[in-house]
Amino acid sequence: MDILDKQKIYEYSLTFLGQKHLNIHVFESIDSTNQFLKNHPSSTSLELCCAETQTNGRGRLGRSWYSPVGENIYCSLRWQYSGPIAKLSALSLVVGLAILAAFRTLEITQNIYIKWPNDLFWDGKKMAGILIESTSESLDHQSVVIGIGLNVNTQTLIEETQTKIDRPWCSLRDITNKKWDRNQLIGIICGMTHQYLERYLCDGFSTFIPEWEKYDGLYQQLVEVTLSNRQHLVGIALGVREDGLLQVMDKEGKIHLITSGEVTRCSPTPSKH
Ligand code: BTN
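Keep in mind that this is a model prediction, so the values were computed, not measured. (Residues numbered from 1 in each chain as written. Predicted model: local features only at pLDDT ≥ 70, side-chain atom pairs only at ≥ 80, totals over all residues. Heavy atoms only, no water.)

Colleague: Now, about the overall build of the protein: what can you tell me, with residues and values included?
Modeller: When its secondary structure is counted, the protein shows seven helices and twelve strands. The C-alpha extent of the protein, read off along each of the three principal axes, is 60 × 50 × 35 Å. Buried residues in the protein amount to 51% of all 273 residues. Excluding contacts between residues fewer than 6 apart, the proportion of contacts in the protein whose partners are at least 24 apart in sequence is 61%. Per element, the accessible surface of the protein, about 13600 Å² overall, is 50% carbon and sulfur. When the 27 basic and 30 acidic side-chain charges of the protein are each reduced to a single mean position, those positions are 3 Å apart. (Helix = DSSP H or I, 4+ residues; strand = E, 2+ residues; numbered from the N terminus. Buried < 20%, exposed > 50% of the residue type's maximum accessible area, 1.4 Å probe, protein only. Contact = heavy atoms within 4.5 Å. Areas by Shrake-Rupley, 256 points an atom, 1.4 Å probe, with all protein chains shown as cover. Lys, Arg positive; Asp, Glu negative; His and termini not counted. Charge placed at Lys NZ, Arg CZ, Asp CG, Glu CD.)

See below:
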């Protein structure tokens, strides 16, 4: 088993970080890497926290995140942003794209796609999720914690592991048939995320749209959206706008803008013979 190593992570991240200083915290076990950074005193550096396992890993929509010891990536990056929170509406989409860009540097180019806003999927199975939690330190200063759970070396095709999660999932190892160095992946993902965030701040999301369209796993698909009031909307997904909102057209042709909630592809109805 490879072990998480601060120095190695730092070295792998360097190419992408420029002058930015990165503080790294590595734990054998922690409740949640997101929670650690939320409690950690603020600093001007980027702060990265990763752990071999989490005892209370959190997912979106109140779910928990399964975190078997030493196999996968559970990491969080804290980033300080001076400006209003409203300007960050496409942030989580940018992070999904940054992870895919990190994969490309390692020649991982299999058909991995993004399910809005930021789940990474392969062949209908989830391989990574992102949980962003922000706290406003003042009207003009946000502390943003970006948590990434990436299934790396767990062999999910083994029946015993598949029963640990209530929906289909997969790992990089399943996709590529080899084990991956987590220190290298964390270093590159962290550095690339920093680069993508800087670009997002300068140029906004519009320059990312062509990249998004390449990886948008919902485009022109029939989807069901569970809205925050628990109502459901069924329609065709028509991509995202410059503010990151998902556009879904219902059967009357009305376009709905989705800001949050769960979106799933509707499975095709089996044809009758
Ligand atoms: C999702 O529901 O898809 C988001 C999952 C995010 C999980 C990661 S693991 C590292 C970080 N710490 C947490 O407690 N959650 C995130």
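Having seen the model, we can carry on.
Colleague: Describe the packing of aromatic side chains, listing the residues and the values that go with them.
Modeller: A full pass over the atoms with the stated rule returns seven aromatic pairs. Between Tyr 196 and Phe 208, the ring centres sit 5.5 Å apart and the planes meet at 40 degrees, which makes this aromatic pair tilted. Separated by twelve residues along the polypeptide, Tyr 196 in helix α6 (residues 182–203) and Phe 208 in the loop between α6 and α7 (209–215) bring together distant segments of the chain. There is no split in this pair, since Tyr 196 and Phe 208 are both buried. The ring of Phe 208 has Arg 199 lying over it, and the distance from NZ or CZ to the ring centre is 3.8 Å. (Phe/Tyr/Trp six-rings, centres within 6.5 Å; stacked < 30°, edge-to-face > 60°. Lys NZ or Arg CZ within 6 Å of the ring centre and 35° of its normal.)

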